[in-house]
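Inside the fold
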Amino acid sequence: MTSSTVLQRCVGCDLHIHGSEQVCPFCGAAQTASPRLRSRSLRAGVLAVTVAGALGISACAYGCPPLPDGGTACGEAEVDSGVSSDLCPAEDGGLEPCPVDGGVDAGNGG
Amino acid sequence: MGAEPTARLGAPRTAREADVTHPHPLYCVWELTLACDLGCKHCGSRAGKARPEELTTAQALEVVAQLHEVGVRDVVLIGGEAYLREDWPIIARALAERGITVNMTTGARNLHPERIQQAVDAGLSSISISLDGLERTHDALRGSPGAWKAAVKAAGDVARTRLQLSVNTQLNRLSLPELPDLARLLVELGARAWQVQLTVAMGRAADRPELLLQPYELLELFPLLVRIQDETLLPNEIRLFPANNIGYFGPYEARLRAGGAEGRHWSGCPAGQWALGIEADGTLKGCPSLPTRAYAGGNLKTERLTELLTRSPQLRVLRERTRADLWGFCAGCYYADVCKGGCSWTAHSLLGRPGNNPYCIHRATQLSQRGLRERVSKVERAPGQPFDHGRFELIEEPIPADAQSPTCVQPLDAETMKKVLRKS
């Protein structure tokens, strides 16, 4: 492991930063001698060594998208486009899910 | 409701000290058959008919023994539709009898109570049912009227057994607006876990690029997932598991990765190292989703798993990736040494090789701070084989002055949608 594969979470903004960082590259916070939460990365999976409880996420200079509890510009209503109603025309003049392509007939094998 | 504690979710896949000392695959996703009773518009394997030379029962049981031999602790049975193989309970029981955790992922169109009882009897731990939205969206994406009703019925039936009910959902332009309502449905159904994964430009999804979210739209997706987690899932003890292709770091990593398990973070593509994928004809890959042509690392009908793990270059190239193998934005990323370019499947399916993955919240955020965003545009079609892909161009461009803030996901208009879903 190297200093860039061992990550800790910044005491200021809570983002993951290299274990060797003395100052957070994202928010500029000085890292204390005892990080609030440090994790050791393995080559793939992870083995976590943790201290302290869950940490909140705070705003930072990183440029985070708006947080959920701070509201987002894209509210649910705005993105509820109704596209799910745009299906294929049915024989009865209504709409229905479009035909299967490449699949098998209903009930085949099941 | 399933009685199993949520705390054990993912436990068999967690690397222990001994696993690190002697690395070996911890989990395997096994396509038992390519036969399927659905015709999903985004299906990466273009499932429908069984493969020509699928494993016999005897061959499958030999694979079970070999998975146990190399230390696999968790197997997910998939298809096609795994339950369309008549001998699936025999294979599942053989795995369970060796102490391997057995799960099934299913579209559940014909997951009748009798089959659920077979799963209980065979020793399965959980069943994950695919729900890609509310009824009309799900049925349209799954290519089958009645698919949603059948899946919801089966989910309720599973939840009333000792099996743990999980749900998995494709994230794309159709399903995204319905995620909050879908989360509320999960509560009603008694689900204990929810895995969400980005629809990737593979197989039939490569034929329908209009379905794909654009990389910059992760700036909307992540806050939405956290909001759903906080408002609906956590209060009802449902754990959210973003898949390995939802990346990476940024302000939401600690809350979302590995179900929000404390101390977890993304640490690179597990393919070929901790994970394996097996196709129904015995083809071995480092991950079930990887393109077959580029990543088939041998066949278990004729070669032993232990040998393939050692000598297959198609597996080795994945687990030995370093920063030096990355390219594009990922090569210069702050997290490069840990992340290693994120999901190999996503990057390869889009750009023809791994190591540069635009579907990354850290990347999208860094670019947006510079007034930039990335989008993908299809330039080459997929040939039409299982687990195939086309080629996409990655375009970096200034964020349009009239773009909504941060970048609201734009729906498809009705005409485009009809064309997308009708494509064959």
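For the structure, check the block above.
As the structure is a computational prediction, the values presented were derived from the model and not from experiment.

Description of the packing of helix H5 (residues 135-142) of chain B against helix H6 (residues 147-159) of chain B
Residue and element names in this part refer to chain B.
- At a closest axis distance of 8 Å, the pairing of H5 and H6 adopts a crossing angle of 110°. One finds that H5 runs roughly perpendicular with respect to H6. Between H5, through Glu135, His138, Asp139 and Arg142, and H6, the contact on the second element is made entirely by Ala147, Trp148, Lys149 and Ala151.
- Considered class by class, the residues forming the contact of H5 with H6 number three nonpolar, one polar and four charged.

Here's the deal with unusual backbone geometry
Residues and elements named next belong to chain B.
- The omega angle of the peptide bond from Gly79 to Gly80 is 15°, so this bond is cis rather than trans.
- With respect to the secondary-structure elements, Gly80 resides in the loop between strand S2 (74-78) and helix H3 (88-97).
- Unlike most non-glycine residues, Arg46 shows phi in positive territory, near 50°.
- Residue position: Arg46 is located in the loop between strand S1 (27-31) and helix H2 (57-69).
- Look at Arg46 and you get buried, because its relative accessible area is 15%.
- The phi torsion at Ala108 lies on the positive side, around 65°, for a residue other than glycine.
- With respect to the element layout, Ala108 can be found in the loop between strand S3 (101-106) and helix H4 (113-122).
- Accessibility expressed as a relative area gives 1% for Ala108, which makes it buried.

Definitions and cut-offs
- Just so you know, the residues in each chain are numbered from 1, in the order the chain's sequence is written.
- Each chain is given a letter, starting from A, and each ligand a number, starting from 1, according to the order in which they appear as written.
- With the structure being a predicted model, the display of local features is reserved for residues of pLDDT at least 70 and the display and counting of side-chain atom pairs for 80 or more, all residues being used for whole-chain, interface and lining totals.
- By convention in this description, side-chain values take in all heavy atoms of the structure and omit both hydrogens and water.
- Where helices are involved, their axes are fitted lines through C-alpha atoms of the stretch in contact, as for all axes, and angles between N-to-C directions lie from 0 to 180°.
- Secondary structure follows DSSP: runs of H or I at least 4 residues long count as helices, runs of E at least 2 residues long count as strands, and numbering of each begins at the N terminus.
- Here is the rule for angles: anything less than 35 degrees is roughly parallel, anything more than 145 is roughly antiparallel, 65 through 115 is roughly perpendicular, and the remaining ranges are oblique.
- Contacts between residues were defined by any pair of non-hydrogen atoms, one from each residue, lying within 4.5 Å.
- Note on residue classes: Ala, Val, Leu, Ile, Met, Phe, Trp, Tyr, Cys and Pro are nonpolar, Asp, Glu, Lys and Arg are charged, and everything else, Gly too, is polar.
- Note on classification: 1.4 Å probe, protein chains only; a residue is buried when its accessible area is under 20% of the maximum for its type, exposed when over 50%, partly exposed between these limits.

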